[in-house]
Amino acid sequence: MAVHIDGSTVWKTEVGDLLGENGALSIGDIDGDGFSEVYVNSYVEADGFAFSLVHAFDHQGEELSDAGFPKMVMGNASSSSPLLGDIDGDGQKELVMSATGAPIIAWEPDGSVTSGFPMLGLSTDFYTSPVLEDLDKDGDIEMMVNGLDFQFHVIDLPGSYDSEMIDWGMARHDPQNSGWTSKTPQLNPIDAPDHIRPGERLELTLSAYNPTNAPLQFLVGNLPEGAYFDADSLTVFWKPAAEQSFHTYTFTFLVTDGIRQASRSVSVTVVPDAIYYANMETDPGWQLDEGWAWGVPTGQGSWNGDPNSGYMGKNVIGYELDGDYDNNLMDTRYATTGAINCQGYRDIRLSFRRWLGVESPYDQANIQVSNDGANWLDLWTVGNSHISDNFWQFVEYAVPSSASDGQSTVYFRWGIGPTDDSVTCPGWNIDDVQVTGEHIE
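In what follows, the accompanying structure is described. (Residues numbered from 1 in each chain as written. Predicted model: local features only at pLDDT ≥ 70, side-chain atom pairs only at ≥ 80, totals over all residues. Heavy atoms only, no water.)

### Comments concerning the pairing of strand E28 (residues 345-354)
The two faces of the sheet receive side chains in turn, since in a regular strand these alternate between them. Which entries qualify depends on this criterion: Here a strand pair is declared whenever DSSP counts at least two bridges between the two strands. Labels follow the DSSP assignment, with helices taken as runs of H or I lasting at least four residues and strands as runs of E lasting at least two, numbered in each case from the N terminus.
Relative to strand E35 (residues 429-439), E28 runs antiparallel, the two being bridged by 7 bridges. Bridge pairing in E35 places Arg353 opposite Asp431. Pairing analysis gives 6 bridges linking E28 to strand E33 (residues 393-398), with the strands arranged antiparallel. Bridged to Ser351 within E33 is Glu396.

Right under this line is the structure:
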């Protein structure tokens with residue numbers, strides 16, 4: 001029977017063939033005529049025989065006898081839903097049938113057997129159905145089967161996955177077991193830039209195609225720090241901070257009508273609005289004294305050790321990437337940037353990610369700036385307390401205007417040493433260096 005929500009009967013069909021008590025039902029438009037068909041599996045035990053029948057009815061309750069229904073399968077289809085979807089990529093949907101003890105079979109809308117079926121030697125376990133889904137998200141459709149051989153099978157089918165071409169992909173239709181056949185709401189494409197700079201305003205507005213006009217709920221996930229979602233305007237707002245530079249953030253969005261759901265994601269990379277930056281993915285070409293190197297740190301060393309990689313990528317510029325600095329360093333050894341042109345800028349700032357270990361005040365470390373490469377000013381010195389970072393720190397320093405504002409050549413350098421005759425530490429690891437400033441009007 002087909003019944004309206006008000007209880008009135010749409011149609012009622014009596015079948016002359018046997019119809020077992022155990023089975024399952026599915027609904028979908030296989031032949032593409034704009035009307036849904038109804039497919040019913042049932043397991044029959046009669047006159048000493050046991051088999052399953054597949055009945056098919058059109059939207060008015062007429063059995064599709066011209067397509068050869070009901071079809072007989074010599075297996076047990078108890079609780080196994082007929083599956084409806086395009087499994088071979090030919091642009092039209094097929095009917096997939098499983099029954100314990102019989103190979104999985106598929107039929108075209110006209111009742112003919114789909115190429116590649118039946119799948120000999122593969123049948124489902126008792127009281128289970130296969131599932132049609134893009135399991136590995138590669139764009140192809142897979143069929144997952146809990147087999148009678150006590151193994152879980154995943155078959156890569158030739159068709160491409162299209163949710164609009166899967167009317168009934170699993171038992172009870174969907175992961176919510178809703179049995180609900182309405183079209184899924186779809187999130188419309190989201191207009192998002194590939195890149196954004198710190199301080200710029202990002203707005204991502206959501207909208208959805210709602211084929212049933214049911215009330216929708218929108219959910220947003222993976223919001224980076226500082227971002228928020230305004231439910232009234234369905235818009236995500238965000239102004240990334242400087243320390244979020246070099247990172248790619250993936251926003252996830254979901255829309256649901258309470259039964260079915262659709263999701264979408266977009267990725268936005270924060271690029272520095274900087275006079276100069278180096279994220280260490282490539283060698284920045286700095287001048288490196290003995291002991292300094294560009295490369296991958298090895299996680300070795302005393303105290304908390306070096307990191308195993310850079311803050312975002314693999315590489316850093318560091319002192320002794322494979323462990324601690326030496327005792328009895330007699331001088332300071334530096335990693336020095338090339339000349340940075342700060343003409344047209346003021347209020348210069350240096351920021352970077354730091355992983356540092358140093359036994360201060362007995363061992364020395366510093367950061368300096370110069371506008372001629374000969375005369376240097378301290379931006380930071382190690383002080384009197386030991387430093388033993390165990391995670392990447394974001395640090396930022398204001399640069400004296402006398403050394404940087406409007407200058408055509410500004411240099412920065414990181415130093416380690418001198419050191420005493422006992423106790424060593426991992427030293428410097430540097431990543432994501434930025435030099436920023438304000439434009440001079």
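### As for the layout of surface pockets
Quick note on the threshold: A cavity here means a set of points on a 1 Å grid, drawn over the protein atoms and nothing else, where a 1.4 Å probe fits but cannot get out; a pocket is an open set with protein on both sides within 12 Å along at least five of seven lines, and a residue lines either one if it has an atom within 4 Å of a point. Grid points are joined across faces, edges and corners, and a volume is the space filled by probe spheres set on the points. In this classification, the charged set is Asp, Glu, Lys and Arg, the nonpolar set is Ala, Val, Leu, Ile, Met, Phe, Trp, Tyr, Cys and Pro, and all remaining amino acids, among them Gly, are polar.
Empty space within the largest pocket amounts to approximately 940 Å³. Lining the largest pocket we find 33 residues, and of these Tyr161, Ser163, Thr184, Arg260 and Gln261 sit closest to its centre. At the level of elements, strand E3 (22-28), strand E10 (131-133), strand E13 (166-168), strand E14 (186-187) and strand E22 (261-270) are the ones that each hand at least two residues to the lining of the largest pocket. Ranked by the residues each element gives to the lining of the largest pocket, the list is headed by E22, at 4 residues. A class-by-class count of the residues in the lining of the largest pocket yields 9 nonpolar, 13 polar and 11 charged. Space inside the second largest pocket adds up to approximately 380 Å³.

### Comments concerning the sheet that holds strand E9 (residues 102-107)
Pairing between sheet strands relies on hydrogen bonds along the backbone, with the strands arranged either parallel or antiparallel. Definition in use: Inter-axis angles, ranging from 0 to 180 degrees, are taken between N-to-C directions of lines fitted to C-alpha atoms, where helices are fitted over the stretch in contact.
Read across the sheet, 4 strands follow the order E9-E8-E7-E13 without closing on themselves; strand pairing throughout is antiparallel. Each edge of the open sheet carries a strand with a single partner, namely E9 and E13. Going from strand to strand, the sheet's axes swing by 20° on average, the running direction of each strand aside. Sheet topology note: the strand E8 (residues 94-99)/E9 ladder contains 4 bridges and is antiparallel. Pairing of Met97 across the sheet is with Ile105, part of E9.

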